[in-house]
Amino acid sequence: MSCFLHNIMNIFATLPSYQTKLKQNGYMEKKENIRLYGAGGHSQIIYSVLKRNGVMISEIYDDDPSNCHWGYKDVLVKTRSTAGNLLNSKDPFIIAIGDNFYRKRIARFLKSKYAKVIHESAIIDESVSIGNGTVIYAGSIVQPNTTIGEHVIINTSASIDHDNTIEDFAHLSPNATLCGSVYIGEGTHVGAGAVIIPETKIGKWCIIGAGSIITKDVPDFSTVVGNPGRIIKTNNLEVYNRKCG
Ligand SMILES: CC(C)(COP(=O)(O)OP(=O)(O)OC[C@H]1O[C@@H](n2cnc3c(N)ncnc32)[C@H](O)[C@@H]1OP(=O)(O)O)[C@@H](O)C(=O)NCCC(=O)NCCS
């Protein structure tokens, strides 16, 4: 059977059990409070998803509260200087920061429980494994036997086909497409509308430009743009250590 037909059948076959699975795993209808670290643009989207699921935000932290992009009037935005209290609360965190390096940096000191946030319109096969701290936004589709690591962002309408692996702290931007058996390394950012063809390996801490088509494996720390994708920059370990350290 063609891969395409298999996927179509799979979507229809698994919808009811998918809903059950989400409930069992506490992705939906879970009323416990969540804390956010990050009060910028990205946290607004997470708040929107949580609101739909009836989940309250108990606290918001940001290193620079004056930079807050939005007003959630009932919650005071606190700074990291109150970190002494962070670990005492039972409410899990989401690191609501779009920058992959910075998300990793925060995760290093914030040894907390982490929630998973999944928009109700996302379609996720029940075989998919999803790490803690990961967020999946509206309209995304994740097909069978895909593994998604911790603190990953699957942005609006991203399409992830079968047997993909997405490592921790990666970010798939809106409308990014991973065909089957693609590997995305730790911290890699796949730009909006980029397409990665089947069985391609993208290294760690790469940037794939918006709209790019990636037809070959990409080494660690590369920035790749265009169709077919070409490497325009290579970051080094020093940059990684400065941003994540
Ligand atoms: C890839 C990217 C990071 C490059 O940014 P940069 O390092 O600042 O590079 P520059 O803007 O200096 O561009 C360098 C060259 O690459 C080209 N280029 C940049 N982005 C490109 C893209 N997405 N596709 C094709 N070419 C691109 C530029 O035109 C320029 O070409 P030139 O040297 O011939 O003039 C950025 O352009 C990009 O696409 N970011 C992804 C944005 C995104 O999807 N965000 C989603 C948020 S949710």
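The structure we're discussing is the one just above.
The present account deals with the structure reproduced in this document. Only a predicted model underlies this, so the values are computations on that prediction, with no experimental measurement involved. (Residues numbered from 1 in each chain as written. Predicted model: local features only at pLDDT ≥ 70, side-chain atom pairs only at ≥ 80, totals over all residues.)

**With respect to the sheet that holds strand β7 (residues 129-130)**
Where strands meet in a sheet, backbone hydrogen bonds hold them as pairs that are either parallel or antiparallel.
Then comes step 1: Pairing within the open sheet is parallel, and its five strands lie in the order β7-β10-β13-β16-β19. Strands with a single pairing partner mark the edges of an open sheet, and in this sheet they are β7 and β19 (201-202).
Then comes step 2: Where strand β16 (residues 183-184) lies against β19, two bridges are found, and the strand directions are parallel. Directly across from Y183, in β19, lies its bridge partner K201. (Pairing = 2+ DSSP bridges. Helix = DSSP H or I, 4+ residues; strand = E, 2+ residues; numbered from the N terminus.)

**What about the pairing of strand β2 (residues 57-61)?**
Side chains on a regular strand alternate between the two faces of the sheet.
Then comes step 1: Looking at chain direction, strand β1 (residues 34-37) and β2 are connected through four bridges and run parallel. When the sheet's bridge partners are listed, R35 is paired in β2 with E59.
Then comes step 2: In this fold, β1 hands off to helix α2 (residues 41-52), which returns the chain to β2; that crossover is right-handed. (Right-handed = clockwise from strand over helix to strand, strands pointing away.)

**What to know about the sheet that holds strand β8 (residues 135-136)**
Then comes step 1: Read across the open sheet, the eight strands follow the order β5-β8-β11-β14-β17-β20-β22-β23; overall the sheet is mixed. Each end of this open sheet is capped by a strand with a single partner; those strands are β5 (117-118) and β23 (230-234).
Then comes step 2: Pairing geometry for strand β11 (residues 153-154) and strand β14 (residues 171-172), over two bridges, is parallel. Its bridge partner being in β14, I153 is matched across the sheet by H171.

**A look at helix α3 (residues 100-109)**
Side chains that are three or four residues apart share a direction in an α-helix, a result of its 3.6 residues per turn.
Then comes step 1: Taken together, the buried positions of α3 are N100, R103, K104 and A107. Projected onto a plane normal to the axis of α3, the buried residues spread over an arc of 100° and lie on a single side. What points out from α3, more than 90 degrees from its buried face, is the exposed set R108 and F109.
Then comes step 2: Tucked inside the fold, the buried residues of α3 contact β4 (93-95), β14, β17 (189-190) and α4 (237-244). (Buried ≥ 20, exposed ≤ 12 C-beta atoms within 10 Å, placed from the backbone. Arc of directions from axis to C-beta. Contact = placed C-beta atoms within 7 Å.)

**Let's talk about the environment of G191**
Then comes step 1: Tracing the backbone shows G191 in the loop between β17 and β18 (195-196).
Then comes step 2: If near-sequence neighbours (up to four positions away) are discounted, G191 is found in contact with S173, I208, G209, A210 and S212.

**Regarding the site of the ligand**
Then comes step 1: Surrounding the ligand, one finds 14 residues, the nearest of these being S173, G191, A192, G209 and V225.
Then comes step 2: Here the residues of the shell around the ligand sort into six nonpolar, eight polar and no charged. (Near = placed C-beta within 6 Å. Nonpolar A, V, L, I, M, F, W, Y, C, P; charged D, E, K, R; others polar.)

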